[in-house]
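Descriptive structure summary
Chain by chain, the residues:
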Amino acid sequence: DAGVTQSPTHLIKTRGQQVTLRCSPKSGHDTVSWYQQALGQGPQFIFQYYEEEERQRGNFPDRFSGHQFPNYSSELNVNALLLGDSALYLCASSWGGQPQHFGDGTRLSIL
Amino acid sequence: RKEVEQDPGPFNVPEGATVAFNCTYSNSASQSFFWYRQDCRKEPKLLMSVYSSGNEDGRFTAQLNRASQYISLLIRDSKLSDSATYLCVVNRRGGSNYKLTFGKGTLLTVNP
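Each value, and the rule that gives it
Residues numbered from 1 in each chain as written. Chains lettered and ligands numbered in written order. Predicted model: local features only at pLDDT ≥ 70, side-chain atom pairs only at ≥ 80, totals over all residues. Heavy atoms only, no water. Helix = DSSP H or I, 4+ residues; strand = E, 2+ residues; numbered from the N terminus. Rg over C-alpha atoms; globule rule 2.2 N^0.38 Å. Buried < 20%, exposed > 50% of the residue type's maximum accessible area, 1.4 Å probe, protein only. Core = buried A, V, L, I, M, F, W, Y, C linked by side-chain atoms within 4.5 Å. Contact = heavy atoms within 4.5 Å. Phe/Tyr/Trp six-rings, centres within 6.5 Å; stacked < 30°, edge-to-face > 60°. Pairing = 2+ DSSP bridges. Axes fitted to C-alpha atoms, helices over the stretch in contact; angles between N-to-C directions.

**Comments concerning the overall build of chain B**
Secondary structure assignment for chain B yields zero helices and eleven strands. Each helix (α) and strand (β) of chain B, taken in turn from the N terminus, gives the series β-β-β-β-β-β-β-β-β-β-β. Rg of the C-alpha trace for chain B: 13 Å, near the compact-globule value of 13 Å for 112 residues, within the 12% margin. Its C-alpha atoms put chain B at 40 × 30 × 25 Å along the principal axes. Sorting the 112 residues of chain B into buried and exposed places 47% on the buried side.

**Quick look at unusual backbone geometry**
The linkage connecting Ser7(A) with the following residue, Pro8(A), adopts the cis geometry, with an omega of -10°. You can see Pro8(A) is positioned in the loop between β1 (5–7) and β2 (10–13). Omega for the bond connecting Gly9(B) with Pro10(B) falls within 30 degrees of zero, at 0°, which places this linkage in the cis form. At Tyr72(A), a position not held by glycine, the phi torsion is positive, near 80°. Here Tyr72(A) lies in the loop between β7 (64–68) and β8 (74–78). On the accessibility criterion, Tyr72(A) (39% relative accessible area) is partly exposed. A positive phi angle is found at Asp77(B), which is not glycine, with a value near 45°. Relative to the assigned elements, Asp77(B) resides in the loop between β8 (70–75) and β9 (84–91).

**Looking at the nonpolar core**
Residue and element names in this part refer to chain B. Ranked by size, the top nonpolar core spans 23 residues in total, and within it Phe 21, Trp 35, Ile 71, Leu 73, Ile 75, Tyr 86 and Leu 108 carry the most contacts. Elements represented by at least two residues in this core include exactly β3 (19–25), β4 (32–38), β5 (44–50), β7 (60–65), β8, β9 and β11 (106–111). Dropping the residues within four chain positions of it, Ile 75 is found in contact with Ala 17, Thr 18, Val 19, Phe 21, Arg 59, Phe 60, Asp 82, Tyr 86 and Leu 108.

**Observations concerning the packing of aromatic side chains**
Following the criterion strictly, the structure yields 13 aromatic pairs over all chains and no others. Considering the side-chain rings of Tyr35(A) and Phe45(A), the 5.6 Å spacing of their centres and the 70° angle between planes classify their relative orientation as edge-to-face. Taken together, the positions of Tyr35(A) in strand β4 (residues 31–37) and Phe45(A) in strand β5 (residues 44–50) put the pair ten residues apart, joining distant regions of the chain. Aromatic pair Phe21(B) and Trp35(B): ring centres 6.4 Å apart, planes at 40°, arrangement tilted.

**A word on the sheet that holds β7(A)**
Residue and element names in this part refer to chain A. Spatially, four strands are ordered β1-β3-β8-β7 in an open sheet, and the strand pairing comes out antiparallel. In this open sheet, the two edge strands, each paired with only one partner strand, are β1 and β7. The average undirected angle you get between the axes of adjacent strands in this sheet is 20°. One ladder, built from five bridges, connects strand β3 (residues 19–24) with β8; its direction is antiparallel. Across the sheet, the residue bridging to Cys 23 is Ser 74, located in β8.

Right, here's the structure in full:
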């Protein structure tokens, strides 16, 4: 039973570029949440998707957008990248009131 | 004031020591509480949920005081493998399907 999988593992971009990160939830999970974790900080909630709609959103600008597909997988898109967007991006999946399971993350570096 | 605040750490303890982590949260409407563990350059993993009655899992004991908005984690007889960052996590709704709000984390190093 595969857990939460994220791709790519690492990514290097330059300022102003756009990036798409992908997440496949754990089997049986229908809800996907995205978090940003800067170095030395705890993860910060970006948004959550359920039934292909954004259900909740944290304090992130509109440059951060997402999508959920009918198979529950999800994408996180970030436009006009800034140096401050360098971080570990974590995807977590869940079902009902069960605990969220995290993927290994995508480490994004902005040059 | 941050929504979840933890001991800044880091904590360095010898094997076999007992170590306690403290956490406070600001939103009295918070309904569910967790401790996650994160190894270096790895994803957070759920260590245990925290209940008002207190709960224990082997060497780990978690406590919640709703009146004081305070959460704790006690690790007894610490092992080298306990070295990690411990994250205090709060959920504004019951269960875990609402957004999780994380503390900054407290780094624990257990020394031989």
